[in-house]
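These are the residues of each chain, in order.
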Amino acid sequence: MLSVSHTMRFRLLDEITELEAGRSIIATKRLRPEEDYLKDHFPKFPVMPGVLMLEAMFQASAWLVRFTDDFEYPYVLLQEARSVKYASFLAPDQVLTVSAEISKHDSNITKLKVSGTVDNVVAVSGRLVLERFKLSDRYPHNGSVDPYSRHKLREEFARLWKN
């Protein structure tokens, strides 16, 4: 049996501040001092782990892809992270501003240029390749889940994008 999660376990975006379907997104994440992973990474010099910075870029990109397709494809997977470069840290109470720009959007693959800045300084950058699909296309017997997934994702999106 296929298990489907409709909400992200780790929501790494606080707000979408700019959004243009088919083109780009800008979102923010304030690193709060009480975030659980900071206790271990690193106790005397707490910073956001690089993999979570990458996850924030993926999450912003996934929202852009869903919005571009009017949520037709609720499932978005990271296929590749290319040329990811880390240049700076994100410390507690700082804000990571994530931007993603679509460079190619075809039938089921989207390629994006992504970056995260802290105080207008690039902290992380790279290129992502995302795959999008409907559950009904892969698992016809679970196709009835797609409308529910779209509904839950639209609810989450409304919390992030308050245009």
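Residues numbered from 1 in each chain as written. Predicted model: local features only at pLDDT ≥ 70, side-chain atom pairs only at ≥ 80, totals over all residues. Heavy atoms only, no water.

A full pass over the atoms with the stated rule returns 12 salt bridges. Notably, a salt bridge pairs Asp 14 with Arg 32, separated by 3.3 Å at the nearest N-O pair. Taken together, the positions of Asp 14 in the segment before strand 1 (15-20) and Arg 32 in the loop between strand 2 (24-30) and helix 1 (50-68) put the pair 18 residues apart, joining distant regions of the chain. Using a relative accessible area of 28% as the deciding quantity, one classes Asp 14 as partly exposed. (Salt bridge = Lys/Arg side-chain N within 4 Å of Asp/Glu carboxyl O. Helix = DSSP H or I, 4+ residues; strand = E, 2+ residues; numbered from the N terminus. Buried < 20%, exposed > 50% of the residue type's maximum accessible area, 1.4 Å probe, protein only.)

Pairing analysis gives 9 bridges linking strand 3 (residues 75-86) to strand 6 (residues 121-133), with the strands arranged antiparallel. What sits directly across from Leu 77, in strand 6, is Glu 131. From the end of strand 5 (residues 109-118) to the start of strand 6, which pair antiparallel, there are 2 residues, and Asp 119 there has a positive phi angle of about 50°. (Pairing = 2+ DSSP bridges.)

Let us now look at the nonpolar core. By size, the foremost hydrophobic cluster in this structure holds 39 residues, and its most contacted members are Ile 16, Ile 25, Met 48, Trp 63 and Leu 96. Within the residue set of this core, elements represented by two or more residues are strand 1, strand 2, helix 1, strand 4 (95-105), strand 5, strand 6 and helix 3 (145-160). Ranked by the residues each element gives to this core, the list is headed by helix 1, at 11 residues. In this structure, Met 48 is in contact with Leu 12, Lys 29, Leu 31, Tyr 37, Leu 38, His 41, Met 53, Leu 90 and Leu 96, ignoring residues within four places of it in sequence. (Core = buried A, V, L, I, M, F, W, Y, C linked by side-chain atoms within 4.5 Å. Contact = heavy atoms within 4.5 Å.)

This part takes up the sheet that holds strand 4. Pairing is antiparallel across the open sheet formed by 6 strands, whose spatial order is 1-2-4-5-6-3. Edge positions in the sheet fall to strand 1 and strand 3, since each has one partner strand and no second. Taken pair by pair, the neighbouring strands of this sheet meet at an average axis angle of 20°, ignoring direction. Bridging between strand 2 and strand 4 involves 7 bridges; their strand directions are antiparallel. (Axes fitted to C-alpha atoms, helices over the stretch in contact; angles between N-to-C directions.)

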